[in-house]
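These are the residues of each chain, in order.
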Number of protein chains: 2
Amino acid sequence: MAGEAGKARTVLLATEKAFAADAVAKIQAAFDESKYTMKKLENYKSKDELLAAVADVDAMIIRSDIVDAAVLEKAAKLKIVVRAGAGYDNIDLKACEAKSITAMNTPGQNANAVAELVFGMMLTSARNNYDGTSGFELVGRSIAFYGYGAVARAVGKLAAGFGMVLYAYDPYIPKDAIKKMGAEPVDTVADLFKHQYVSLHVPLTPETKESINKELLLKMPKGGTLINTARMEVVHEGQMLEVLKERPDFCYLCDVGFKAQEEAKAIVGDKYMKRVIFTKKKMGAQTIEANNNAGIAAANQIVGFFEKGETKFSLKA
Amino acid sequence: MAGEAGKARTVLLATEKAFAADAVAKIQAAFDESKYTMKKLENYKSKDELLAAVADVDAMIIRSDIVDAAVLEKAAKLKIVVRAGAGYDNIDLKACEAKSITAMNTPGQNANAVAELVFGMMLTSARNNYDGTSGFELVGRSIAFYGYGAVARAVGKLAAGFGMVLYAYDPYIPKDAIKKMGAEPVDTVADLFKHQYVSLHVPLTPETKESINKELLLKMPKGGTLINTARMEVVHEGQMLEVLKERPDFCYLCDVGFKAQEEAKAIVGDKYMKRVIFTKKKMGAQTIEANNNAGIAAANQIVGFFEKGETKFSLKA
C-alpha cells in the first residue's frame, strides 16, 4: 500500500524505447537508496514480454509503453504506474481505477527543453534564418506570457538572461506572485498583445479554444510575433492566415502543428523560417535532458508514493 | 582642435545607407547637448554630393562610405572622421594622417549582436534544425572561450543565463580578472578543447592563423562543437574537413566564411544546419541595434574628442 514505508518493493522499468544509460543509472540510484529492486525490460519486441514481466512487480515506470487492461490483468501486485513524461494517453486510466492502481505522469520536467526551443525559434526568426541579411536583437524587447506556469517561467528565465522585459497574464496566479516570479502582471488577455512577443502557455479548454484570433493579433506592434508551444487549437487558424496576409511584419513561431501549413508557407514565401516557423512535430519536450529528468522524477514519485503516501501527480480516470 | 571645449562645431552625418530614424534622433540628441550643428547627407547617390557636403564640417560620421584623399582634400576644416562600426577599410588612413585628421571606429558595439547569433546557431544545431527529432539542452553544458574580450563576454553572459559552465583562455587578461568576469580560467589553448563548446574570439595573427587544427579538435568530447565568429583563417580548413569526416558527432558553427563550404556540406549531408552551419555572410554584427549603437557611439566619441581630447579609438595608419 501507499505510505507503508520501509517495505521491500520491486519496480519494473518497462521501456520499449530505453532511456539513456546515464538516466537508467540515476533511476537505479533512486531505488537503491530505498532498497527497492529494479527490474529492467528495455527495448522489448513483443507485448508478451511485457505481460510476463509485470507479474511480480509493485510499481512500473513506462514511457510511451501501452498499459491497458491486459497488462493490468497480469500485474497482480501492481500499486502504481508512472508515465515518465507529460502525455498519458497510453495508460488505460479507467482500468487502473477499477483495480485501484494509482497512475501518474511527471509534468514540468520538460520546461527548460521547451524554453530553449522557444529561443531557438525566436533567434532563427530574428536573424532571418541566417541568410546573411541584417536582423534584430532580443535585448530590450518585450515578451508577454498568456499563462505563467512552469514552462512560461522557464521561458521567462531565459528571456531575463537576454535582457528582455517580461509581462504575464494568468487568472490562476495572484498578481503579486507573478511579480515575484519576474514578470509584470497585466489585467487582460488583450493587454498581452501590446507587446512584441506573446508566448502561449494555456491548456486547451472551451474558453481558450480558437481564442487567439485576428482581433487580438492585429493589436500587436510592429514585428509582432506569436509563439505557440501550448496547443494547436488555441489559435484560430483561419484568422491566423488572414493576419499573415494582411500584416507582412507579423510572425508565428509554432511547435504544436498547424493544419493549413502549406497555405501559411505560400503566404510568407521565401520568408519561411523567418515569418513562420513550423517544427516538424511537437518537439519542445524532446531532449535527452527532458527524458532523463522525467525518468528520475518517475522513480522519485514511486518512492514518495510508497514511503510517504504522496499522490501529487495522480491522474484521474 | 581636439580638447578645445565649448566651441561651435559642425558634424556631417554622411550615410549612403541611412541609419534608422530612431538612431538618427539619438545621434542628433548627443550633438544637441553639446550645441553642435548636425548636417545630414543621407542616401546620397553620387560622390559629388559628398565632396560638396564636407567643405565646412569639423567632423564626420560615416558607415561604409568611402573617405579617400579626394574627400579629405575638400574637407578643409575636418578634424575627425568616425566610422560607425568595426571595419574601417573604407577610410584612407594614410591620407588622414598626412592631413592630421583623426580617424576612429566604434569597436564593441556589436558584442550582443554576435552573442545572440551564437546562441541562435547553437540552439538550431542542438535541436536538429527543428526537424522534429529529439535533441539536447544547453543547460549544464560547458563552453570554453579562446579570447575573453567584449564579444566573448557577451556570449558568456547569455551562456550563464542558459545555466552553462564557462571556461576561458586569454593570455592578455589576468586569471583573476577572467574569474571575476564569470569564467574559469584554463592554462592552455589545448585545455579549452576538453569542453563541449569552444568559441573563438581571437584576432588573426601569425600565431593564430590556422591554429585551430585537427590535433586540437580531436581532443573534444562527444558532441564537440567549434563556434567561429572571429576570423575564417584561424581554422585550418583542410584539417576541419578531415575532422568532420572522422568524427560524426563533431559540429562546426561558422559565421566567418569557409572556402570549402560545398565539400563540408557534402560530408555532413542531411545533417547540414545540425553538424555544420554556415551563415550566408559574416552577419554576427548585422542587427538594427548594433548599427544604431555604433552611430550613437560615434557621436559620443566625436564630442569626447572635441570636449575632452579623448582619442581612445583612434586608428593607426
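Note that the structure is predicted; figures quoted are calculated from it, not measured.

The rules behind the values
Here the residue index of a chain counts from 1 through its sequence in written order. All chains are assigned letters beginning at A, and all ligands numbers beginning at 1, according to the order in which they are written. Owing to the predicted nature of the model, reporting of local features is limited to residues with pLDDT of at least 70; listing and counting of side-chain atom pairs is limited to 80 or more, with chain, interface and lining totals taken over all residues. Excluding hydrogens and water, the side-chain values take into account all heavy atoms of the structure. To qualify as a helix, a DSSP run of H or I must reach at least 4 residues; to qualify as a strand, a run of E must reach at least 2; elements of each kind are numbered from the N terminus. In this scheme, a residue with accessible area under 20% of its type's maximum is buried, one over 50% is exposed, and one in between is partly exposed, where area comes from a 1.4 Å probe on protein chains only. Reported accessibility uses the Shrake-Rupley method at a 1.4 Å probe radius. Residues are deemed covered only where the shown protein chains occlude them. Contacts between residues were defined by any pair of non-hydrogen atoms, one from each residue, lying within 4.5 Å. The definition of a polar contact used here is a pair of N or O atoms within 3.5 Å, where within protein one atom must be able to donate a hydrogen and the other to accept one, and adjacent residues in sequence count solely through side-chain atom pairs. At least two DSSP bridges between two strands are required for those strands to pair. Lines fitted to the C-alpha atoms define the axes, with helices restricted to the stretch that makes contact. Angles between their N-to-C directions range from 0 to 180 degrees. Here roughly perpendicular refers to angles of 65 to 115 degrees, roughly parallel to angles under 35, roughly antiparallel to angles over 145, and oblique to all remaining angles. For a crossing to be left-handed, the near helix must be turned anticlockwise from the far one by less than a right angle; the clockwise case is right-handed. Any residue that is not Ala, Val, Leu, Ile, Met, Phe, Trp, Tyr, Cys, Pro, Asp, Glu, Lys or Arg is counted as polar, Gly included; the first ten are nonpolar and the last four charged. In superposing the copies, a least-squares fit is computed on C-alpha atoms, taking residues whose pLDDT is at least 70 in both. Aromatic pairs are defined between Phe, Tyr and Trp rings, using the six-membered ring for Trp, whenever the two ring centres lie within 6.5 Å; interplanar angles under 30 degrees are classed as stacked, those over 60 as edge-to-face, and all others as tilted. Whether a charge lies above a ring is judged from NZ of Lys or CZ of Arg, which has to be within 6 Å of the ring centre and within 35 degrees of the ring normal. UniProt positions are given in the numbering used here, feature names are shortened, and annotations may be inferred rather than shown by experiment. Buried area: the sum, over both parts, of the accessible surface (1.4 Å probe) that disappears when the two are put together.

So, about the overall build of chain A. Tallying secondary structure elements over chain A gives 12 helices and 12 strands in all. Projected onto its principal axes, the C-alpha positions of chain A cover 60 × 45 × 35 Å. Taking all 317 residues of chain A together, the buried fraction comes to 55%. Taken as a whole, chain A presents about 13,600 Å² of accessible surface, with 52% of it coming from carbon and sulfur.

All names here are of chain B. By the element assignment, Lys-209 lies in the loop between strand S9 (197-200) and helix H9 (214-217). Lys-209 sits 82 residues away from Asn-291 along the chain, and the two C-alpha atoms are 29 Å apart. With sequence-adjacent residues up to four places away left out, Lys-209 is seen in contact with Leu-204, Glu-233 and Val-234.

Turning our attention to the side chain of His-195 of chain A. All names here are of chain A. By the element assignment, His-195 lies in the loop between helix H8 (189-192) and strand S9 (197-200). The exposure class assigned to His-195 is buried, which follows from its relative accessible area of 11%. Engagement of the side chain of His-195 in a polar contact is seen with the side chain of Ser-142, the distance being 3.4 Å. The residues touching His-195, leaving out its near neighbours within four places in the chain, are Ser-142, Ala-144, Tyr-167, Met-220 and Pro-221.

Turning our attention to unusual backbone geometry. The phi torsion of most residues other than glycine is negative, and most of the peptide bonds are trans. Residue and element names in this part refer to chain A. One non-glycine residue, Asn-43, lies in the positive phi region at around 50 degrees. When you line up the elements, Asn-43 lands in the loop between strand S2 (37-42) and helix H2 (47-53). Given a relative accessible area of 39%, Asn-43 falls into the partly exposed group. Even without glycine at this site, Tyr-130 takes up a positive phi of about 60 degrees. Within the secondary structure layout, Tyr-130 lies in the loop between helix H5 (111-126) and strand S6 (142-146). Residue classification places Tyr-130 among the buried residues on the basis of a relative accessible area of 3%.

Glancing now at the sheet that holds strand S11 (residues 251-254) of chain A. All names here are of chain A. Strand order in this open sheet of 7 strands is S8-S7-S6-S9-S10-S11-S12, and the pairing throughout is parallel. The open sheet has two edge strands with one neighbour each: strand S8 (184-185) and strand S12 (276-278). Both strand S7 (residues 165-169) and S8 contribute to a ladder of 2 bridges, which runs parallel. If you follow Tyr-167 over to S8, its bridge partner there is Glu-184. Along the sheet, H5 contacts S6, S9, strand S10 (225-228), S11 and S12; its crossing angle with S11, the most-contacted strand, is approximately 150 degrees.

All names here are of chain B. Direction vectors running N to C along helix H1 (residues 21-33) and helix H12 (residues 288-308) enclose 15 degrees, while the axes themselves pass 9 Å from each other. Considering the angle they form, H1 stands roughly parallel to H12. Crossing of H1 against H12: the hand is right-handed. Facing Asp-22, Ala-23, Lys-26, Ile-27, Ala-30 and Phe-31 of H1, the residues of H12 in contact are Asn-292, Gly-295, Ile-296, Ala-299, Asn-300, Ile-302 and Val-303. Residues that form the contact of H1 with H12 fall into these classes: 8 nonpolar, 3 polar and 2 charged.

This part is about the relation of the copies chain B and chain A. Each copy superposes on the other: chain B lies on chain A with an RMSD of 0.0 Å after a rotation of 180 degrees and an axial shift of 0.0 Å. On this basis, the relationship between the two copies can be described by a two-fold rotation axis. Scanning chain B for the C-alpha nearest the rotation axis identifies Gly-161 of chain B, at a separation of 2.3 Å. Interface overlap between copies is the fraction of interface residues in one copy that are interface residues in the other; for chain B against chain A it reaches 100%, indicating a shared surface.

Following the criterion strictly, the structure yields 21 aromatic pairs over all chains and no others. Ring plane angle 20 degrees and centroid distance 5.2 Å describe the contact between Phe-258 of chain A and Phe-278 of chain A, whose orientation is recorded as stacked. Within this pair, whereas Phe-258 of chain A is found in the loop between S11 and helix H11 (261-268), its partner Phe-278 of chain A is found in strand S12, the two being separated by 20 residues in sequence. Look at Phe-258 of chain A and you get buried, because its relative accessible area is 5%. Here Tyr-272 of chain B and Phe-278 of chain B contribute two aromatic rings whose centre-to-centre distance is 6.4 Å and whose plane-to-plane angle is 35 degrees, an arrangement assigned as tilted. Tyr-272 of chain B gets classed as partly exposed once you look at its relative accessible area, which sits at 23%. These aromatic residues form a ring-pair network of at least three members: Phe-31, Tyr-36, Phe-305 and Phe-306 of chain A. The positively charged end of Arg-63 of chain B is found above the aromatic ring belonging to Phe-19 of chain B, 4.2 Å away from the centroid. The ring of Tyr-272 of chain B carries the charged tip of Lys-265 of chain B above its face, separated from the ring centre by 4.7 Å.

Attention now goes to the environment of Val-189 of chain B. Turning to its location among the elements, Val-189 of chain B is positioned in helix H8 (residues 189-192). Setting aside chain neighbours within four positions, we find Val-189 of chain B in contact with Tyr-146, Tyr-169 and Leu-216 of chain B.

UniProt tags residues 129-259 of chain A as "domain: D-isomer specific 2-hydroxyacid dehydrogenase NAD-binding" (unreviewed entry). Here residues 129-259 of chain A is 27% helix and 18% strand, with 23 Å between the C-alpha atoms at its ends.

Taken together, the contacts link 38 residues of chain B with 39 residues of chain A. Here chain B packs against chain A, burying approximately 3,200 Å² in sum over the two surfaces, 55% of which is carbon and sulfur. Of all residues in chain B, Arg-127, Tyr-130 and Glu-137 of chain B give up the largest surface area on contact with chain A, accounting jointly for 23% of the area buried on that side. Broken down by secondary-structure element, the contributors of at least two residues to the side of chain B that touches chain A are helix H5 (111-126), helix H6 (150-161) and H12 of chain B. At 9 residues, H5 of chain B tops the list of elements feeding residues into the side of chain B that touches chain A. Of the residues in the side of chain B that touches chain A, the class split is 15 nonpolar, 14 polar and 9 charged.

What follows is about the sheet that holds strand S2 (residues 37-42) of chain B. Residues and elements named next belong to chain B. Judged by pairing direction, the sheet is parallel, and its 5 strands sit side by side in the order S2-S1-S3-S4-S5 without closing on themselves. The sheet terminates laterally at S2 and strand S5 (102-104), the two strands that pair on one side only. Recorded for the sheet is a direction-independent mean angle of 15 degrees between the axes of neighbouring strands. Pairing geometry for strand S4 (residues 80-83) and S5, over 3 bridges, is parallel.

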